[in-house]
Amino acid sequence: MTSEVPNEVQIDVSGLEPPEPMVRVLEALDLLADDGRLRVLIDRQPVPLYQVLQRNGYSHLTTARPDGLYEVLIWITGSASPV
């Protein structure tokens, strides 16, 4: 049986109190493949996360959803297009 790393991983950290969302995002990034993407659902715009991502070589795209959640797509800067 082979184990494949999915190209995109999604985590939902909405409703969690800080710093738990940041901790879970960073843990997920540690497991992400070089060409992978992480899609994060969160109930507030994660402004502190953006600087951490930039310092560590990641790009992101944040979208406000109609249901009040934010969707943050994260990928390694310079890898394939996120969309």
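Residues numbered from 1 in each chain as written. Predicted model: local features only at pLDDT ≥ 70, side-chain atom pairs only at ≥ 80, totals over all residues. Heavy atoms only, no water.

1. A closer look at the environment of Arg 39
Okay, step 1: Tracing the backbone shows Arg 39 in strand S2 (residues 37-42).
Okay, step 2: Arg 39 gets classed as buried once you look at its relative accessible area, which sits at 18%.
Okay, step 3: When the C-alpha positions of Arg 39 and Gln 10 are compared, they lie 4.6 Å apart, and in sequence the two are 29 residues distant.
Okay, step 4: Other than its neighbours up to four places away in sequence, Arg 39 contacts Glu 8, Val 9, Gln 10, Ile 11, Glu 71, Val 72 and Leu 73. (Helix = DSSP H or I, 4+ residues; strand = E, 2+ residues; numbered from the N terminus. Buried < 20%, exposed > 50% of the residue type's maximum accessible area, 1.4 Å probe, protein only. Contact = heavy atoms within 4.5 Å.)

2. A look at the sheet that holds strand S3 (residues 58-64)
Strand pairing in a sheet relies on backbone hydrogen bonds, with the paired strands running either antiparallel or parallel.
Okay, step 1: Pairing is mixed across the open sheet formed by four strands, whose spatial order is S1-S2-S4-S3. What marks the edges here is a single partner per strand, and that holds for strand S1 (8-12) and S3. Neighbouring strand axes in the sheet, compared pairwise and without regard to direction, differ in orientation by 20 degrees on average.
Okay, step 2: In this sheet, strand S4 (residues 70-76) lies alongside S2 in antiparallel orientation, the contact comprising six bridges. Residue pairing for S4: Arg 37 is matched across the bridge by Trp 75.
Okay, step 3: Relative to the sheet, helix H1 (residues 20-31) contacts S1, S2, S3 and S4, its axis offset from that of S2 by approximately 165 degrees.
Okay, step 4: Contacts from helix H2 (residues 47-55) reach S3 and S4, with the element oriented near 155 degrees to S3. (Pairing = 2+ DSSP bridges. Axes fitted to C-alpha atoms, helices over the stretch in contact; angles between N-to-C directions.)

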